[in-house]
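# Summary of the model geometry
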Amino acid sequence: MQDSSASVARFVHQYQGIEGFYFLNKAGELGYIASDGKRPVKENFAQSQNKDFLLAYPQFALEIEPFLQAIKEIPRAYLAGADESEMELGYILPVTEGKTWLSATLILNKDIVDELERDEKLMYTKGLKDPFQIDPETEKMKGIRSVQQGFDDLLHHKDAFGIYKYFPVLFKLPGKDADITHTGTEKAPLRVLNLKWRNSQSDDNSAEQMSGQETVFAILRANLIARGAIARDKRLQNKFAIS
């Protein structure tokens with residue numbers, strides 16, 4: 001959170017479209033880049049200071065501290081080499097020519113695309129979707145998307161049991177220059193992790209804790225919409241610019 005406004009602006013220029021989406025730093029703290037593209041902002045959950053909000057959503061007060069403690073484990077486990085297939089969703093590439101969108105590009109890991117396809121097939125098997133109806137959500141099966149469209153679909157994806165499985169969060173690999181170009185042998189420095197990941201081997205994580213905290217995640221999704229990170233009206237009106 002100590003980056004100069006000039007360096008942040010250069011970063012955003014290269015990765016257009018990431019403004020407003022959540023970052024997780026190596027200390028396990030949440031923040032985002034403001035819409036002006038010049039300053040990082042720490043997420044302080046203003047809702048926790050709003051008495052009317054807490055009265056309307058009492059579960060939030062019970063979930064927020066366990067949530068903040070749980071997400072601190074994510075960067076530690078990731079950098080220690082924990083199973084990436086469970087916590088890493090993909091990575092981000094800078095704005096490049098030849099795309100129908102003008103923003104940064106989300107590249108989903110193959111196992112995540114496979115899981116989305118399995119969820120989709122199970123929905124049809126359970127009769128929750130009409131196999132003869134053209135489904136716009138099949139776009140989710142594409143492993144290469146604009147960052148806005150890809151994050152939007154991941155954030156709102158539910159499996160056949162109605163459970164949200166993903167909450168994508170940006171994570172810059174420490175010591176890696178975000179300006180480098182991704183190649184087949186060099187790991188892209190801007191990764192996408194799953195904020196819903198929990199260490200199943202930890203004694204501190206019961207089944208209840210791992211399946212809980214949905215009020216907090218609902219607030220996080222609402223914050224993204226309020227900040228304009230997710231703006232479906234822009235996707236519809238300017239389809240070939242950002243979606």
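Residues numbered from 1 in each chain as written. Predicted model: local features only at pLDDT ≥ 70, side-chain atom pairs only at ≥ 80, totals over all residues. Heavy atoms only, no water.

## Some points on the overall build of the protein
Filter applied, for reference: Working definition: helices are DSSP H or I runs of at least four residues, strands are E runs of at least two. Numbering for both runs from the N terminus. Only protein chains enter the accessibility calculation, which uses a 1.4 Å probe; a residue whose area is less than 20% of its type maximum is buried, one above 50% is exposed, and one in between is partly exposed. Note on definitions: a residue-residue contact is assigned when non-hydrogen atoms from the two residues lie within 4.5 Å. For accessible areas, the Shrake-Rupley method is used with a probe of radius 1.4 Å. Any residue's cover is judged against the shown protein chains and nothing else.
The helix and strand tally for the protein stands at eleven helices and eight strands. Across the 243 residues of the protein, 44% fall into the buried class. Sequence-distant contacts in the protein: of pairs separated by 6 or more residues, those separated by 24 or more amount to 64%. Roughly 13,200 Å² of accessible area belongs to the protein as shown, and the carbon and sulfur atoms make up 53% of that amount.

## Describing the packing of aromatic side chains
Under the convention used in this document: Stacked, tilted and edge-to-face pairs are distinguished by plane angle, under 30 degrees for stacked and over 60 for edge-to-face with tilted covering the rest, among Phe, Tyr and Trp rings (Trp via its six-membered ring) whose centres lie within 6.5 Å. Criterion for a charge above a ring: Arg CZ or Lys NZ at most 6 Å from the ring centre, at most 35 degrees from the ring normal.
Applying the stated criterion across every chain yields a total of twelve aromatic pairs. Judged by centre distance (5.0 Å) and plane angle (35°), the rings of F11 and Y15 are tilted. Take Y15: its relative accessible area is 1%, and that puts it in the buried class. Grouping aromatic residues by their ring pairs yields a cluster made of Y22, Y32, F45, F53, Y57, F60, F67, F167 and F217. Its guanidinium or amino end placed over the ring of F217, K196 lies 4.0 Å from that ring's centre, counting from NZ or CZ. One cation-aromatic arrangement involves R227 over Y22; the distance from NZ or CZ to the ring centre is 4.6 Å.

## Brief notes about unusual backbone geometry
The phi torsion at F45 lies on the positive side, around 50°, for a residue other than glycine. Among the secondary structure elements, F45 is positioned in the loop between β3 (40-42) and α2 (51-56). Using a relative accessible area of 4% as the deciding quantity, one classes F45 as buried.

## With respect to the side chain of R221
Here is the rule we go by: Charge assignment: positive for Lys and Arg, negative for Asp and Glu; neither His nor the chain ends contribute. Basic side-chain nitrogens of Lys or Arg form a salt bridge, by our definition, when they fall within 4 Å of a carboxyl oxygen of Asp or Glu.
Residue position: R221 is located in helix α9 (residues 214-227). Buried charged residue R221 carries no salt bridge. Nearest counter-charge: E214, at 4.2 Å. Apart from the residues lying within four places of it in its own chain, the contact partners of R221 are L155, H156, Y164, F167 and E214.

## Looking at the pairing of strand β5 (residues 105-108)
As a general feature of sheets, a regular strand has side chains that alternate between the two faces. Formally: Here, a strand pair is defined by DSSP locating no fewer than two bridges between the strands.
Side chains T105 and I107 of β5 all project onto a buried face; the interleaved residues L106 and L108 project onto the opposite face, where all are buried too. Relative to strand β6 (residues 144-146), β5 is paired through three bridges, and the arrangement is antiparallel. Along β6, the bridge assignment pairs T105 with S146.

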